[in-house]
Amino acid sequence: MTLNARVGFRSPNNRSSSNRFAQRWLSGGLVVALVLVAGNKAARGDHQHLSGTASTAVSVPASDASALIDEGLRLEQDELWTDAISHYEKASRQYPQDKTLYQRLIICRLRYDVNRRFQDQSYLGSLKQLGTGQALDLYAEVLANLESHYVENVDWARTLLHGTAALEIALEEPCFIQETLAGVDPAAIERFRMNVHRQMIGRSTATRFDLRANVAYVAGLAHTELGMSGTATVLEYLSGAISTLDPYTRLLSGDQLDEMFSNIEGNFVGLGIELKADEDSLQILSVIPGGPAAEAGILPGEQIVRVESAKTTDNDPDYVADLLRGMEHSYVSITVVDKAGKSREMNIQRRRVDVPCVENVHLVDPVNKVGYFRLTNFQKTTTRDVERELWNLQRQGMRSLVLDVRGNPGGLLSAAVELADRFLSNGRIVTTRGRNTRENFDYSAHRANTWNVPLVVLIDENSASASEIFAGAISDNGRGTLVGKNSYGKGSVQGIFKMQTAKFGLCLTTAKFYSPSGRAISQNGVLPHVEVEPTYIAARPNKDGELTLDGDDAVLQRAVQQLTASVNVPSQMASRNLIGRLP
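Below, the structure is looked at part by part. (Residues numbered from 1 in each chain as written. Predicted model: local features only at pLDDT ≥ 70, side-chain atom pairs only at ≥ 80, totals over all residues. Heavy atoms only, no water.)

### Considerations on the overall build of the protein
Thought 1: Helices and strands together make up the secondary structure of the protein, namely 21 helices and 21 strands.
Thought 2: Scored against the burial criterion, the 583 residues of the protein give a buried share of 56%.
Thought 3: Of the contacts made within the protein by residues no fewer than 6 positions apart, 71% connect residues no fewer than 24 positions apart.
Thought 4: If you sum the accessible surface of the protein, you get close to 23500 Å²; carbon and sulfur atoms cover 49% of it. (Helix = DSSP H or I, 4+ residues; strand = E, 2+ residues; numbered from the N terminus. Buried < 20%, exposed > 50% of the residue type's maximum accessible area, 1.4 Å probe, protein only. Contact = heavy atoms within 4.5 Å. Areas by Shrake-Rupley, 256 points an atom, 1.4 Å probe, with all protein chains shown as cover.)

### Points about the packing of helix α9 (residues 156-170) against helix α12 (residues 208-226)
Thought 1: For the pair α9 and α12, interaxial distance at closest approach is 10 Å and the crossing angle is 20 degrees. Relative to α12, the element α9 lies roughly parallel. Of the two possible hands of crossing, α9 and α12 adopt the one that is right-handed. Where α9 abuts α12, its residues W156, T159, L160 and L167 lie against R208, L211, N214, V215 and V218.
Thought 2: Considered class by class, the residues forming the contact of α9 with α12 number 6 nonpolar, 2 polar and 1 charged. (Axes fitted to C-alpha atoms, helices over the stretch in contact; angles between N-to-C directions. Parallel < 35°, antiparallel > 145°, perpendicular 65-115°, else oblique. Left-handed = near helix turned anticlockwise from the far one by under 90°. Nonpolar A, V, L, I, M, F, W, Y, C, P; charged D, E, K, R; others polar.)

### Overview of the environment of D354
Thought 1: Looking at the element boundaries, D354 is found in strand β10 (residues 351-354).
Thought 2: You can call D354 exposed: its relative accessible area is 60%.
Thought 3: In the structure, D354 is positioned 82 residues away from G272 in sequence and 8.3 Å away in space, judged by C-alpha atoms.
Thought 4: Aside from chain neighbours lying at most four places away, what touches D354 is G266, N267 and I288.

### A word on the packing of aromatic side chains
Thought 1: In this structure the tally under the stated criterion is 6 aromatic pairs.
Thought 2: Note on W391 and W451: the rings are 4.9 Å apart at their centroids and 65 degrees apart in plane angle, and the pair reads as edge-to-face. Within this pair, whereas W391 is found in helix α17 (residues 382-395), its partner W451 is found in the loop between β16 (441-444) and β17 (455-459), the two being separated by 60 residues in sequence.
Thought 3: By relative accessible area, which is 0% here, W451 ends up buried.
Thought 4: Judged by centre distance (6.1 Å) and plane angle (75 degrees), the ring pair of F423 and F470 falls under edge-to-face. On the criterion of sequence distance, the pair formed by F423 in helix α18 (residues 413-423) and F470 in helix α19 (residues 466-476) is long-range, its members being 47 residues apart. (Phe/Tyr/Trp six-rings, centres within 6.5 Å; stacked < 30°, edge-to-face > 60°.)

### Here's the deal with the pattern of salt bridges
Thought 1: Counted under the stated rule, the structure contains 34 salt bridges.
Thought 2: Linking R117 and D113 is a salt bridge whose minimum nitrogen-to-oxygen distance equals 2.7 Å. Of this pair, R117 and D113 both sit in helix α6 (residues 99-117), 4 residues apart, which is roughly one turn of the helix. Of the two residues, R117 and D113, both sit in the buried class.
Thought 3: Here the residues in one salt-bridge network are R111, E172, E173, E190 and R193, joined through shared partners. (Salt bridge = Lys/Arg side-chain N within 4 Å of Asp/Glu carboxyl O.)

### Describing the nonpolar core
Thought 1: Formed by 71 residues in total, the largest nonpolar core has its most connected members in L138, L171, F176, F192, M228 and Y237.
Thought 2: The greatest single-element share of this core, amounting to 9 residues, is contributed by α6.
Thought 3: With near-sequence residues (within four places) excluded, F176 lies in contact with V114, F118, A170, L171, L181, M228, A232 and E236.
Thought 4: By size, the runner-up hydrophobic cluster in this structure holds 49 residues, among which are C357, V417, L419 and A420. (Core = buried A, V, L, I, M, F, W, Y, C linked by side-chain atoms within 4.5 Å.)

### Considerations on unusual backbone geometry
Thought 1: At E308, a position not held by glycine, the phi torsion is positive, near 55 degrees.
Thought 2: Within the fold, E308 resides in the loop between β6 (303-307) and β7 (310-311).
Thought 3: Residue E308 is classed as partly exposed on the basis of its relative accessible area of 37%.
Thought 4: With a phi close to 60 degrees, S465 is a non-glycine residue in the positive phi region.

### Some remarks on the pairing of strand β8 (residues 331-337)
Thought 1: In terms of residue burial, β8 counts as a mostly covered element, since 5 of its 7 residues are buried.
Thought 2: With 4 bridges connecting them, β6 and β8 associate as antiparallel partners. The residue bridging Q303 from the neighbouring strand is V337, located in β8.
Thought 3: Here β8 runs beside strand β9 (residues 343-349); their pairing, made up of 7 bridges, is antiparallel. Bridge pairing in β9 links V336 to R344.
Thought 4: Linkage of β8 to β9, two consecutive antiparallel strands, is achieved through a turn of 5 residues, within which G341 is found at a positive phi near 90 degrees. (Pairing = 2+ DSSP bridges.)

### Let's talk about the pairing of strand β18 (residues 481-484)
Thought 1: Alternating positions in β18 separate into two faces, T481 and V483 on one and L482 and G484 on the other, with burial throughout.
Thought 2: Inspection of the sheet shows β17 paired to β18 by 4 bridges, in the parallel sense. Counted as the bridge partner of L458 is V483 from β18.
Thought 3: For the crossover from β17 across α19 to β18, the handedness is right-handed.
Thought 4: Relative to strand β21 (residues 530-531), β18 is paired through 2 bridges, and the arrangement is parallel. By the bridge assignment for β21, G484 is matched with E531. (Right-handed = clockwise from strand over helix to strand, strands pointing away.)

### Looking at the packing of helix α8 (residues 132-149) against α12
Thought 1: One can describe the packing of α8 onto α12 by two numbers: an axis separation of 10 Å at closest approach and a directional angle of 155 degrees. Classified by the interaxial angle, the pair formed by α8 and α12 is roughly antiparallel. The crossing of α8 and α12 is right-handed. Contact residues: α8 offers G133, L136, D137, Y139, A140, L143, A144 and E147, while α12 offers R208, L211, R212, V215 and A216.

Here it is in structure tokens:
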């Protein structure tokens, strides 16, 4: 199964520990480990390889990137890991050869990752249940998948290096120490942390089998010197190896794997709301009709400030959001604040909710019969749902269409191809290329069941992956006009692999994709024909919690102008411009 999925998240952000961070960053153990065997490899593809010397890693270079590094370090001092990750990713695109930027990005990813994992009850359950041998078998299974399916050749020395770095970072984090090393002398932990990378010097890293032996060796040392379970050591090596390959490859705990497949199917157990984590609250972006939240009277634009005993003012909002998950038919207690600032306590049952991928379907210009809908993601039901809404709009007399994929992070590759095929009668849709030839495909359109309605597609900097496949196909084939801002630039395909050794999954980058013209999407994105500065999206909350009207969405209004100015279709031509068949 192949899935296009952009990773986007916030991170734990304890602002009270900047001094502790400064000590950690200057301590040197991690920095030395990161550069021991990295060599001097240039940027390649979607990511760079660590390189440089210890001195460059701990000093700010005299370059144009210095100000960006300073800003990133300030975010790190406040432990705003996701903000720092986003900052360094953007900065690395601007200065792709700057080694320090990339090294800081890797470290922030590792710090975020360990804090996130140790808030995941499914992961903690596996940590307690798996024996060391089982954990090593899981590590070996993941390495075998990397060797067979990863988009690039795997550098085993680099893989071990990042695993060691992940363990060093974990040994500094309170969440890890409390769970795995409670009561152990901090001085002993620090001695082990500072020396663990030295234990790898001279050990073979020629094959994945060598890596399994090396990790088993370190697990034995950690158990002997600290009394730490071998499983905890192995899982850190596993997590570090995976989370630093590229921004989209990641290890999935049992719960995350289940959630991933639920997203693909278009349903999940929850309240039926879409959330955005703000600084000290969870903003409700949309409420699924018929879901538990809708039945309870929750509205878009309101905010959740408490889930069970956790308040968003005292905890990372992402952590609070995770508490909304739970067993089907169980209840969750929350506090909701409306747009007037009035709070209300609610106790809502979690249920299985079907997630619509098409929203806000209507004639945005009733006079000129311009149809509109927003596509929120690409899932198994996308083509069916879009087809249904297209016919609904046609029955209202639609003559042209605005299809909105702003903020759409992607989804199934197959769904993007199928949707593009609905609007293209011929021509290439997308090409995928991987290291494994089984990942090489050329997708083309077919004439049957093609909608010929004049088309504008809205994109922005958060349109990613499958959204970019669709938009690129429409643009390169001259089928429609793109309006908005340059898209995200996530041009890789991920496969979801269910591990056999334990209840874990692997979201692994297996290929890169290219638009019909042969243009790489990675880091380039898709360019709009008409550039418009972004505004709030129609029917979505603005900064004040009010729903944005069509007239206040400047990008949408520019699209309507584009259609009505260039294509004013007479009513007698409407049937010819819609579709080549009847339902």
